[in-house]
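# Examination of the molecular architecture
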Amino acid sequence: MRDPDGLIARAGVRGDPNRDQHFLVDDRVLDRLPTYLTAIDADTSHVLEIGGGTGVLTDRLLETIGADDHLTVVERDPPLAEFLQEEFSDAIDAGRLTVIEGDALEVDLPEFTSSVSNLPYGVSSEITFRLLPEQRPLVLMFQQEFAERMVAEPDTSEYGRLSVSTQHYADAELVESIPKEAFSPAPAVQSAVVRLVPREPDYDVENEAFFLRFVKALFTQRRKTIRNGIRNTAHISGLQDPDAVVDAAAEDVLQKRAGAMAPAEFAALAELASEVGEPTLESES
């Protein structure tokens, strides 16, 4: 397998914190990342990697997936995309690798079966919520604080909109914390790896877009009771008649705060709000 420092040297680049570029160089971490997919027998017939960088993870993934499996790498930096095409030309010629130059939020993504990615932290949330609705196993690296919020349980300080939205799509598990020293240059914060295994939620949601918007709205007022949150955030949720929702909801729910509401409770309240609150299709972003 290729040496991470050697790949960086051949690419002729240096990590740039101002551009959100921190290259993972710890061999032990790189060796472990693909195993978080194989440990759950995930389908690796077409693996997607977002943010290929200098190819350190690309190299490990090509070694891990089967000989007949395929890897697609998306890299937004043109010189790095060109480097990946040159460095891994044998894998490309063999039909095992495709390199897409472009922004992962804008390019057409292939039909992938799973993903392992060291995401650009500045857009990690946006990329994650582009991938989650695809209902594929994901192994993604984030800032530690962001990862902890993704997996948080109700009634904890980390629990919030991100927790509910993530767990709506998948079982989320923080599988490893990564020290700053594993990167070059070292970022200001520690990182963590989250494994996301898709599953259907144990509740019904008729309008997913409204449900997610409603959750967002109530967490903007997390210190308020749900009663006040519903009334104060109609400009975000899009409710035309928030008082009707308050009148119809159970008193024990209205007295809670957002941080104490499990995803299923949010879903039940969102369904009620959708029925009686006359939500509009659009709301304040």
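Computed from a prediction, not measured in an experiment: that's the story for all the values here. (Residues numbered from 1 in each chain as written. Predicted model: local features only at pLDDT ≥ 70, side-chain atom pairs only at ≥ 80, totals over all residues. Heavy atoms only, no water.)

## Re the overall build of the protein
Selection rule: Only DSSP runs of H or I covering at least 4 residues are called helices, and only runs of E covering at least 2 are called strands; the numbering of each starts at the N terminus. Only protein chains enter the accessibility calculation, which uses a 1.4 Å probe. A residue is then buried if its area is under 20% of the maximum for its type, exposed if over 50%, and partly exposed in between. We call two residues contacting when some pair of their heavy atoms lies within 4.5 Å. For the charge count, each Lys or Arg is scored as positive and each Asp or Glu as negative, with His and the chain ends excluded. Taken as the charge centre is NZ of Lys, CZ of Arg, CG of Asp or CD of Glu, depending on the residue.
The helix and strand inventory of the protein stands at 15 helices and 9 strands. If you line up the protein on its principal axes, its C-alpha atoms span 65 × 35 × 30 Å. The buried share of the protein, reckoned over its 285 residues, is 49%. Partitioning the contacts of the protein with sequence separation of at least 6, the portion at a separation of at least 24 is 69%. Distance between charge centres in the protein, computed from 25 positive and 53 negative side chains, equals 7 Å.

## Here we look at empty space enclosed by the protein
Inclusion rule: Grid points spaced at 1 Å and placed over the protein atoms alone form the basis of the search, with a cavity being a set where a 1.4 Å probe fits but cannot get out and a pocket an open set showing protein on both sides within 12 Å along at least five of seven lines. Lining residues have an atom within 4 Å of a point. Grid points are joined across faces, edges and corners, and a volume is the space filled by probe spheres set on the points. Polar here means any residue outside two lists: the nonpolar Ala, Val, Leu, Ile, Met, Phe, Trp, Tyr, Cys and Pro, and the charged Asp, Glu, Lys and Arg; Gly therefore counts as polar.
Summed over the entire model, instances satisfying the criterion amount to 1 cavity of 30 Å³ or more. The calculated volume of the largest cavity comes to roughly 40 Å³. Lining the largest cavity we find Pro34, Leu37, Thr38, Thr44, Val47, Leu61, Thr64, Ile65 and Val116. Partitioning the lining of the largest cavity into residue classes produces 6 nonpolar, 3 polar and no charged.

## Looking at the pattern of salt bridges
Applicable threshold: Throughout this description, the term salt bridge denotes a Lys or Arg side-chain nitrogen within 4 Å of a carboxyl oxygen of Asp or Glu.
This structure, assessed with the given rule, holds 13 salt bridges. Here Glu87 makes a salt bridge to Arg10, at a shortest N to O gap of 2.9 Å. Placement of Glu87 in helix α5 (residues 78–87) and of Arg10 in helix α1 (residues 4–11) is noted, with a sequence separation of 77 residues between them. Three or more residues are tied together by salt bridges with common partners; here these are Arg2, Arg10, Asp27, Asp31, Asp59, Arg60 and Glu87.

## Focus on the sheet that holds strand β2 (residues 46–50)
Short version of the rule: In short, DSSP must find at least two bridges between two strands for them to pair. Think of each axis as a best-fit line through the C-alpha atoms, taken over the contacting stretch in the case of a helix, with angles from 0 to 180 degrees between the N-to-C directions.
Read across the open sheet, the 7 strands follow the order β4-β3-β2-β5-β6-β9-β7; overall the sheet is mixed. The sheet is open, and its two edges are formed by β4 (97–101) and β7 (170–178), each paired on a single side. In this sheet, neighbouring strand axes are inclined to one another by 20° on average, regardless of whether the strands run parallel or antiparallel. By the bridge criterion, 5 bridges tie β2 to strand β3 (residues 70–75) in an arrangement that is parallel. Bridge assignment links His46 to a residue of β3, and that residue is His70. Its contacts with the sheet place helix α7 (residues 124–131) against β2, β5 (114–118) and β6 (138–143), and it is angled at close to 165° to β6.

## Observations concerning the layout of surface pockets
Taken as a whole, the largest pocket holds about 470 Å³ of empty space. The wall of the largest pocket is formed by 31 residues, among which Asp20, Gly51, Glu75, Asn118 and Pro120 lie closest to the centre. Contributing elements (two or more residues each) for the lining of the largest pocket: β1 (23–24), β2, α4 (56–64) and β3. Residues belonging to the lining of the largest pocket are distributed by class as follows: 16 nonpolar, 8 polar and 7 charged.

## Structural notes on the UniProt feature "binding site: S-adenosyl-L-methionine" (unreviewed entry) in the protein
Test applied: UniProt positions are given in the numbering used here, feature names are shortened, and annotations may be inferred rather than shown by experiment.
The positions UniProt marks with the feature "binding site: S-adenosyl-L-methionine" (unreviewed entry) are His22, Leu24, Gly51, Glu75, Asp103 and Asn118. From the set just named, the residues that line the largest pocket comprise His22, Leu24, Gly51, Glu75, Asp103 and Asn118. Summarising the element assignment, Gly51 is placed in the loop between β2 and α4. Beyond its immediate stretch of four places on either side in the chain, Gly51 contacts Val74, Glu75 and Asn118. Inspection of the secondary structure puts Glu75 in strand β3. The exposure class assigned to Glu75 is buried, which follows from its relative accessible area of 6%. Other than its neighbours up to four places away in sequence, Glu75 contacts Gly51, Gly52, Gly53, Leu80, Ala81, Leu84, Ile100, Glu101 and Gly102.

## A few points about the packing of aromatic side chains
Note the following rule: Stacked, tilted and edge-to-face are the three classes assigned to paired rings of Phe, Tyr and Trp, where Trp is represented by its six-membered ring and a pair needs centres within 6.5 Å; plane angles under 30 degrees give stacked, over 60 edge-to-face, the rest tilted.
Within this structure, the stated rule accounts for 5 aromatic pairs. With 6.0 Å between their ring centres and 50° between their planes, Tyr203 and Phe211 make a pair best called tilted. Of the two residues, Tyr203 and Phe211, both sit in the buried class. In textbook terms, an aromatic cluster arises when at least three aromatic residues are bridged by ring pairs, as seen for Tyr159, Phe219 and Phe266.

## Looking at the environment of Asp252
Along the polypeptide, Asp252 turns up in helix α14 (residues 251–254). Separated by 26 residues in sequence, Asp252 and Ile226 have C-alpha atoms that sit 9.7 Å apart.

## Overview of helix α10 (residues 208–219)
Under the convention used in this document: To estimate how far a helix should reach, multiply one less than its number of residues by 1.5 Å.
Its 12 residues give α10 an end-to-end C-alpha distance of 17 Å, which sits within 8% of 16 Å, the value for a rise of 1.5 Å per residue. Taken as a whole, α10 has its buried residues at Phe210, Phe211, Arg213, Phe214, Val215, Ala217, Leu218 and Phe219. The elements touched by buried residues of α10 are α9 (161–169), α11 (226–232), α12 (234–237) and α15 (263–276).

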